[in-house]
Amino acid sequence: MWVDFIGYAKKIMIKGVLHFFCLFSIEKNKITLLNELSYTYGDSMKYIDQYIHYHRKGKYKIVFPIKKGAILSEYTDDVVVAPGTFQYFKELITSRVIITNAGGVSYLPKRKGKTIISTWHGGGPYKKTSTDVYNSFWYRLQVKMNADNTDYILSSCRYFTDFEAKSMGYKTHKIIPAGLPRNDVLFARHEAVKQKVRKNYSIPDDVKFILFAPTFRGNFINVNSNIEDYIELDTDKLVAVLEEKFGSKWICGVRLHPKLSDVDMSELNVINCTTYPDMQELLCAADVIISDYSSLIWDYSFTYRPIFLYAPDIEEYERERGFYMPSAEWPFPIAHDNEEMFRNILSFDQDKYVEDVKAHHIASGSYEAGEACQKVLELIERK
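A brief look at the structure comes next.

## Overview of the overall build of the protein chain
Part 1 of the reasoning: Scanning the protein chain from N- to C-terminus turns up 14 helices and 13 strands.
Part 2 of the reasoning: Taken against the 2.2 N^0.38 rule, which gives 21 Å for 383 residues, the C-alpha radius of gyration of the protein chain at 21 Å falls within 12% of a compact globule.
Part 3 of the reasoning: Partitioning the contacts of the protein chain with sequence separation of at least 6, the portion at a separation of at least 24 is 70%.
Part 4 of the reasoning: Looking at the protein chain as shown, the accessible area adds up to about 17,800 Å², and 53% of this sits on carbon and sulfur atoms.
Part 5 of the reasoning: Seen as two clouds, the 48 positive and the 50 negative side-chain charges of the protein chain have centres 11 Å apart.

## Here we look at the sheet that holds strand S11 (residues 288-291)
Part 1 of the reasoning: A sheet is described by the order of its strands in space; here six strands give the open sequence S10-S9-S8-S11-S12-S13, paired in parallel fashion. Of all strands in the sheet, those with a lone pairing partner are strand S10 (271-272) and strand S13 (334-335), marking the two edges.
Part 2 of the reasoning: With six bridges connecting them, strand S8 (residues 207-212) and strand S9 (residues 249-254) associate as parallel partners. When the sheet's bridge partners are listed, Val-207 is paired in S9 with Lys-249.
Part 3 of the reasoning: Across the sheet, helix H12 (residues 338-346) lies against S11, strand S12 (307-310) and S13, angled at about 165 degrees from S12, the strand it touches most.

## Some points on the pattern of salt bridges
Part 1 of the reasoning: Under the counting rule described, the total for this entry stands at 15 salt bridges.
Part 2 of the reasoning: With a closest N to O distance of 3.1 Å, Lys-196 and Glu-281 form a salt bridge. Placement of the pair is Lys-196 in helix H7 (residues 191-200) and Glu-281 in helix H9 (residues 279-285), with a sequence separation of 85 residues.
Part 3 of the reasoning: A residue is classified by how much of its surface remains accessible, and Lys-196, at 45% relative accessible area, is partly exposed.
Part 4 of the reasoning: Residue Glu-339 pairs with Lys-237 through a salt bridge whose shortest N-O separation is 3.3 Å. In this pair, Glu-339 sits in helix H12 while Lys-237 sits in helix H8 (residues 235-246), placing the two residues 102 residues apart along the sequence.

Here is what the cut-offs are and how they apply
- Residue positions are given per chain, counting from 1 as you read along its sequence in written order.
- Reporting in this predicted model follows two pLDDT cut-offs: at least 70 for local features of residues, and 80 or more for side-chain atom pairs to be given and counted; totals over whole chains, interfaces and linings ignore these cut-offs and use all residues.
- Think of the side-chain values as coming from all heavy atoms in the structure, minus any hydrogens and water.
- Strands are runs of DSSP state E lasting at least two residues, helices are runs of H or I lasting at least four, and both sets are numbered from the N terminus onward.
- Each radius of gyration reported is based on C-alpha atoms, and the globular scaling rule is 2.2 Å times the count of residues to the power 0.38.
- We call two residues contacting when some pair of their heavy atoms lies within 4.5 Å.
- Computed by Shrake-Rupley with a 1.4 Å probe, the accessible areas treat only the displayed protein chains as cover when residues are assessed.
- Just so you know, the count uses Lys and Arg for positive and Asp and Glu for negative, and it drops His and the chain ends.
- In plain terms, the charge of a residue is placed at NZ if it is Lys, CZ if Arg, CG if Asp and CD if Glu.
- Only strands that DSSP links by at least two bridges are regarded as paired with each other.
- Structural elements are reduced to axes, namely lines fitted to C-alpha atoms, with helices fitted over the stretch in contact, and the angle between N-to-C directions of any two is expressed from 0 to 180 degrees.
- For salt bridges, the criterion is a side-chain nitrogen of Lys or Arg within 4 Å of an Asp or Glu carboxyl oxygen.
- Under the scheme applied here, a residue whose accessible area is under 20% of the maximum for its type counts as buried, over 50% as exposed, and between as partly exposed, the area being computed with a 1.4 Å probe on protein chains only.

Function cannot be read off these values alone, since they describe shape.
So this is what it looks like as structure tokens:
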């Protein structure tokens, strides 16, 4: 509780200090794209940036905060600023529109004529979040601060609208049924993106690519470089089983949480994809995905390629944190250990899987149609 109180008090103080920047006028055609989970050129912000440049080239001034050392925006006319600097806060508070993928704008002074849109950073009816998980008094005040400061939030599906967005304090009129902008690329022809990834990792044309991307477990205090602490899946046998089931040659890529970029994978016969800057591009390239509760399973499901879940602790996770839709209702085969994973692959039925995924999208009330970036731009221009 004290941590939540300190967090709330800090935001109140920062908000007071930032009123200084209200001395500067709002620039009506300026949009800040705030990938505040990582401050990199990625996630939905990247795809909104691309869409605006393609459809409204030169009309808007785009500000993209990017941390030192990260790949910069692909557009030279974007204004790139370092997070936390004087220029960063000036650009934020003088932008006519801020688009963010998280819940960190509660500390900003809300000015008349300003619009704040959240794309959020996960879709589907999976992990519970916000006040459905953390429910202290001071945390709820922070949630309310953020919801009051945000004009709109994009929703990926009816479950998100009915449960997750409500847990974050959003009233119905603020929820836009649009899907996630980062997923538009998965609905389009993405052969060029696929070849870009394969070329980056020198994957031959006749070799299939499986990506294993588990959710981080534990805490970031005791992070070490020991691969056995983060990967239980037998990746060598995994490749052998895939070759037995689907034919062709296969190669496995592993993408851990970015904070685990120092984990040593040199003893494994895998491609280390942890530092690749864009998860959606990896999804475009993958022929099969293995994950657990990550929202990437929602994203990738729209390709209708196979998804297998490796989740030894799923019952414990469901008891302690919970899912909006019970895991038994998901269309993805769930394995608790290596042998169950390999059995799931060998017994996989592609036709039944596609029908199950389509039914899952209907049951979830999916809003994904590959048009989220368009809806964001329409929202901006309507306002």
